[in-house]
Amino acid sequence: MKAIRRFVLIGRISTGFLRSAWWPGLGVWLILQATAAVASTPPELVIPRLTRAPVLEDFLRMEPSADLKGRMAKVEGFVQREPSDGRGATERTEVYIGYDDDNLYIVFVAFDSEPAHVRARMSRRENISNDDMVEVMLDTFNDRRRAFVFTANPLGIQRDALWTEGDGFNTSFDTLWHSEGRLTDRGYVVRMAIPLKSLRFSSEAKQTWSIILRRAIPRYNEEDYWPRVSNRVEGLLNQAATLAGLEDISPGRNIQLIPYGVYRAFRALDLSAAGGPAFVRDRADVDAGLDAKIVLKDSLALDVTVNPDFSQVESDEPQVTVNRRFEVFFPEKRPFFLENANLFSTPLDNLVFTRRIADPQFGARLTGKVGSYAIGAFLIDDESPGKSAPPGDPLHGKRALFGVARVTRDIFEQSSISALYTIRRFEGSSNQVSGLDGRFKLNSNWAAEWQAVGSWTSSQESESLIGTAYDFEIERSGRQFEYVFEYNDRSPDFRTEAGFVPRTDFRRVENSASYTFRPEGRYLLSWEPSLSTERIWDYSGDRLDWNVTPSLDFDFTGQTFFSIFFNTGGERLRPKDFSVLPEDRDFSLAARGMNVSTSYFSQVSVRANYSWGTTINFAPPDGREPVLANRTTGRLDLTLRPSTSLLVDNTYILTRLTDRATGAAIFNNHIIRSRWNWQFSRELSLRFIAQYESVLPNTDLTSLEIQKSINTDFLFTYQANAWTSLFVGYNSNLQNIELIPIDDRNRIVRTRNRFINDGRQLFIKFSYLFRL
């Protein structure tokens, strides 16, 4: 009977979605297909098999050595995408490509008329965003949908990613490849050697791939491509060149074993202790585990992990969490979940949110592509729910089980249809989500996405909830005019325990449009007026929120940007949202502000925003209703690069609410963070982070408590590649709290100026990649 009910619900989901979004979208698609411009035939690049591997020294004279001349395929004639789409590149670039049984070789020879102005810094892997860089995108299945991305700065510092049409870059992807670079008196040279073991491709004897080559010159705000990749057209891979000449290649046997060991000594405040919060310590907490990857038939990867270390080495970026009505999103940073995460992404954001999994002991994941099907699935446990239950509780020591499966079928040109299923089970309770979604490439400028899912939730008390969620989006991309229409729908009983959906019981419509004028002058490159509108209703048809936001953006030379905006809107709070309300309350809201950023000077980058207006005080004193308040927010990011090996990032965030009648402060929230990174070599670095955060409330106007914390973090890193690494770190946190025994239980009491150390740890972690 359950299966029958679910089948009927899926039918209702599909029918409701078809009525609301599918048929209009299909009609638009047919019209646009009929008027679509005929795409130009992409160029073909045939690359040779090499008898010897090229080395960097072969090209340091800005041309191949004598024995390599004519032996590698040569690419030149790069074309700008930004700032002047279609114009020839300002600086000349030559690329030489070839392969052998083990590697694909790509050598960029980047000429520069002002070599002293090339931006190249010795930095940590991935941290090259403000440098000159070169890049190759490889679509190894030639499906014009997904690609491996390999990027390096002039010193060979790496960044890798996965590109998915419609979803963009997933920079969390890591793989093993080799790069080196060197500055010359005429520019720079970068050599890449990409092992075939690090790629996934079909088992055909003759391979046909797609390729895009890119060079970025930040001081000109310039991006150059081969072949031409125009921003007048939606998408990248539909404009890629065809890569041929690859024959009789295979990754061969590809097994990766990554054992790890970790030592910790810590003292921490345990909030779940039987007698109330209490300190626990361990001077020698030792653990070990194993991650394994097995590549099956060249295109599928099976990952298995036993006793994984899912602690994150990188700390979260600072965010404001005070006076927020809904849960704040913090992105995933743990490597096991980051690899191939794009395979689990859907139009309905964050149906798979792996930060819900806190303490696993085993897990398995299968990802890859077979023919026209891309698949992703994982199964993993989580001991944290059982550990949080006190001893004697029937749930103590129990574990939850998470499962996710997703299949995508490629159809038409750069279009796809997908299915998703997620489940979380824990001792008699369960949450399941399943549904369909798709992406349709309508023509060279228009694309549409849709999703329809249902959820089934049963609690340990045998209560059941059935809910639905829909999404539809149609988007136009172009060099000047851009437009997005988006519809979101969450029923009151929709739940996802494996995802991140902080709000339900609403229907939302958003429209946004912009038009970019491109004078491309000496100083002003472009300016863009835009307008967005948003309306939200609940399932009973009552309007909840509305917003209208016009803005004006300016793009100047020297990576300098400036924008101003104005927002007017409203928000309705209901007694079901805040029990102190006797009836619905409507609030009129307004805000205005500006943003500015510049990297004009290579040693300094500045990003700043400031806004002021009105908002709702969601944390009034106990028993009082939420009220309208004045709000001021600001953020300043200052990045200093005093040398090629030292990077200093500084951040200050301010949020202030004041009473509209008296001007008295309701609260001030300050976050100050400074991050220092010394990169002694490509492998060796030392990082220091200091952060101070405070919430300073006026207890006559808010129920917030005074909060102050000081956190310091040291991390020594030796990283030979993404998996072979040694970390030695120390973290300490101070808070304005005091433990006071009340009725035989410890209670936490906030103090004004007295701090205690509520957590510190020293850890050593080592992992090593064995590739068989």
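Structural notes, computed from the coordinates. (Residues numbered from 1 in each chain as written. Predicted model: local features only at pLDDT ≥ 70, side-chain atom pairs only at ≥ 80, totals over all residues. Heavy atoms only, no water.)

Of the pairings in the sheet, the one linking strand β10 (residues 178–184) to strand β11 (residues 187–195) comprises 7 bridges and is antiparallel in character. Bridge pairing links T184 to G187 in β11. Hairpin connection of β10 to β11: 2 residues between the antiparallel strands. (Pairing = 2+ DSSP bridges. Helix = DSSP H or I, 4+ residues; strand = E, 2+ residues; numbered from the N terminus.)

The next thing to look at is the sheet that holds β11. The 5 strands are arranged β2-β4-β5-β11-β10 in an open sheet whose pairing can be described as antiparallel. The open sheet has two free edges, formed respectively by β2 (73–75) and β10, since each of these has just one partner strand. Neighbour to neighbour, the strand axes of the sheet diverge by 15° on average, direction disregarded. (Axes fitted to C-alpha atoms, helices over the stretch in contact; angles between N-to-C directions.)

A cluster of nonpolar residues, I564, M594, Y610 and W612, forms a patch on the protein surface that exposes about 350 Å² of accessible area. Mapped onto the secondary structure, I564 falls in strand β29 (residues 560–573). (Patch = residues over 30% accessible without salt bridge, like charges linked within 9 Å, V, L, I, M, F, W, Y side chains within 5 Å. Areas by Shrake-Rupley, 256 points an atom, 1.4 Å probe, with all protein chains shown as cover. Salt bridge = Lys/Arg side-chain N within 4 Å of Asp/Glu carboxyl O.)

A few words on the pattern of salt bridges. Pairing of side chains with opposite charge becomes possible as their charged atoms draw close. Per the stated rule, a full pass over the model turns up 56 salt bridges. A salt bridge links R572 to D586; the shortest N-O distance between them is 2.7 Å. Here D586 lies in strand β30 (residues 585–598) and R572 lies in strand β29, a separation of 14 residues in the sequence. With relative accessibility at 16%, the residue R572 sits in the buried group. Between R585 and E583 there is a salt bridge, with the nearest N and O atoms lying 3.2 Å from each other. (Buried < 20%, exposed > 50% of the residue type's maximum accessible area, 1.4 Å probe, protein only.)

Right, let's get into the pairing of strand β27 (residues 524–537). Each regular strand carries side chains that alternate between the two faces of the sheet. One ladder, built from 8 bridges, connects strand β26 (residues 506–515) with β27; its direction is antiparallel. Across the sheet, S514 pairs through a bridge with S530, a residue of β27. Direction of pairing for β27 relative to strand β28 (residues 543–556): antiparallel, over a ladder of 13 bridges. The residue bridging R535 from the neighbouring strand is W546, located in β28.

Attention now moves to the environment of V453. Here V453 lies in strand β23 (residues 446–458). Residue classification places V453 among the buried positions, given a relative accessible area of 0%. In sequence terms V453 and L351 are 102 residues apart; their C-alpha atoms lie 9.9 Å from each other.

Peptide bonds are, in most cases, trans, and in most cases residues other than glycine have a negative phi. The omega torsion of the bond from E82 to P83 falls at 0°, within 30 degrees of zero and hence cis. Residue placement: P83 occurs in the loop between β3 (79–82) and β4 (93–99). For the peptide bond that leads from W226 to P227, omega is -10°, which places it in the cis range. Looking at the element boundaries, P227 is found in the loop between β13 (222–226) and β14 (241–244). A positive phi angle, near 60°, is found at D505, a position not held by glycine.

Before going further, it helps to spend a moment on the nonpolar core. In this structure, M192 and L213 are the most contacted members of the largest nonpolar core, which totals 37 residues. Listing elements by their share of this core, those giving two or more residues are β2, β4, β5 (103–111), β6 (133–139), β7 (146–152), β11, β12 (209–217) and β14. Other than its neighbours up to four places away in sequence, M192 contacts L104, Y105, I106, F108, V134, V136, F150, T151, A152, W177, H178 and S179. Formed by 19 residues, the second largest nonpolar core is a distinct cluster that contains F344, A374, F378 and A498. (Core = buried A, V, L, I, M, F, W, Y, C linked by side-chain atoms within 4.5 Å. Contact = heavy atoms within 4.5 Å.)

So, about the side chain of D160. Summarising the element assignment, D160 is placed in strand β8 (residues 158–164). Residue classification places D160 among the buried residues on the basis of a relative accessible area of 0%. For D160, the side chain forms a polar contact with the main-chain nitrogen of T175, separated by 3.3 Å. Not counting chain neighbours up to four residues away, the residues in contact with D160 comprise R125, E126, V149, F150, T171, F173, D174, T175 and W177. (Polar contact = N/O pair within 3.5 Å; in protein donor to acceptor, adjacent residues only side chain to side chain.)

Mapped onto the elements, A665 comes out in strand β34 (residues 665–679). Put simply, A665 and T702 are 37 residues apart on the chain and 9.8 Å apart in space, counted from C-alpha to C-alpha. Those residues in contact with A665 that sit more than four places away from it in its chain are L657, T658, N698 and L701.

Keep in mind that these numbers describe shape and distance, not what the molecule does.
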